[in-house]
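# Structural features, examined
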Amino acid sequence: MIGSLFSRWRPRHLLLSWLAYWIVLVVVKLGPALLAAWQLSRRTAHGNAGVSVTNGIISASISESGRTIWSGSTSFTQLTLLVALPPLLIWAVWLLSSSRT
């Protein structure tokens, strides 16, 4: 069933699926951070935002008046896998299903 779906896809469908995945990834993983940053920019209070990289870990935080309102961290490996692995799997399934037709 999945193979038949992918066999009808053209390269533009593949690229659109990658773009849709990356948009959903940004909204799900960075949505809370973007919302916190937007809310902080709309307020009159003072805030701080920072990003650091230490031993392969990317950390970020947003604080307002000394209170952390958002923080997150991930490793380079996890970030690379989140960004690249699903599109590569979609491409592999598309390639295998299109070569059989």
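Reference entry: report on the structure contained in this document.

Calculation notes
Just so you know, the residues in each chain are numbered from 1, in the order the chain's sequence is written. Where local features are concerned, this predicted model is filtered to residues with pLDDT of at least 70; where side-chain atom pairs are given and counted, the filter is 80 or more; whole-chain, interface and lining totals use all residues. Side-chain measures here rest on the full set of heavy atoms in the structure, leaving out hydrogens and waters. By definition, any uninterrupted DSSP run of H or I lasting at least four residues is a helix, any uninterrupted run of E lasting at least two residues is a strand, and each is numbered from the N terminus. With the radius of gyration taken over C-alpha atoms, the globule rule is written as 2.2 Å times the number of residues to the power 0.38. Exposure is judged per residue with a 1.4 Å probe applied to protein chains only, and the accessible area is read against the type maximum: over 50% gives exposed, under 20% gives buried, and values in between give partly exposed. We call two residues contacting when some pair of their heavy atoms lies within 4.5 Å. In this description, accessible areas are obtained by the Shrake-Rupley approach with a 1.4 Å probe, and a residue is regarded as covered only by the protein chains that are shown. The pairing criterion for strands is at least two bridges between them, as found by DSSP. Centre distance within 6.5 Å is the pairing criterion for rings of Phe, Tyr and Trp, where only the six-membered ring of Trp is used; planes under 30 degrees apart are then read as stacked, over 60 as edge-to-face, and the remainder as tilted. With axes taken as lines fitted to C-alpha atoms, and helix axes fitted only over the stretch in contact, angles between N-to-C directions fall between 0 and 180 degrees.

## Quick word on the overall build of the protein
Counting its secondary structure elements, the protein contains 3 helices and 3 strands. Along the protein, helices (α) and strands (β) appear in the sequence α-α-β-β-β-α when read from the amino end. By the compact-globule yardstick of 13 Å for 101 residues, the protein is too spread out, its C-alpha radius of gyration being 19 Å. Considering only C-alpha atoms, the protein reaches an extent of 60 × 30 × 20 Å along its principal axes. Out of the 101 residues in the protein, the part that is buried amounts to 18%. Sequence-distant contacts, at least 24 apart, represent 42% of the contacts inside the protein between residues at least 6 apart. Working note: accessible area of the protein is about 7,400 Å², and carbon and sulfur atoms make up 67% of it.

## Comments concerning unusual backbone geometry
Here the phi dihedral of N55 falls at roughly 50 degrees; this positive angle occurs in a residue that is not glycine. With respect to the helices, strands and loops of the structure, N55 is situated in the loop between strand 1 (47-54) and strand 2 (57-64). Using a relative accessible area of 78% as the deciding quantity, one classes N55 as exposed.

## Quick notes on the pairing of strand 3 (residues 67-75)
A regular strand places its side chains so that they alternate between the two faces of the sheet. Direction of pairing for strand 2 relative to strand 3: antiparallel, over a ladder of 8 bridges. By the bridge assignment for strand 3, I58 is matched with T74.

## Observations regarding the packing of aromatic side chains
Under the definition given, this model contains 1 aromatic pair. The interplanar angle of 50 degrees and the centroid separation of 6.3 Å between the aromatic rings of W18 and W22 together place this pair among those described as tilted. With W18 and W22 both in helix 2 (residues 11-42) and 4 residues apart, the pair spans about one turn of that helix.

## Some points on the environment of L40
Within the secondary structure, L40 is located in helix 2. Each C-alpha atom of the pair L40 and I69 lies 9.2 Å from the other, and the pair is 29 residues apart in sequence. With sequence-adjacent residues up to four places away left out, L40 is seen in contact with G47, N48, I62, S63 and E64.

## Observations concerning the sheet that holds strand 1
Sheet architecture is open: 3 strands sit in the order 1-2-3, paired in antiparallel fashion. Each edge of the open sheet is held by one strand with a lone partner, namely strand 1 and strand 3. Each strand axis lies, on average, 10 degrees off the axis of its neighbour in the sheet, ignoring direction. As paired strands, strand 1 and strand 2 are joined by 8 bridges and run antiparallel to one another. Residue pairing across strands places G47 opposite E64, the latter belonging to strand 2. Relative to strand 2, helix 2 is tilted by about 30 degrees, and along the sheet it contacts strand 1, strand 2 and strand 3.

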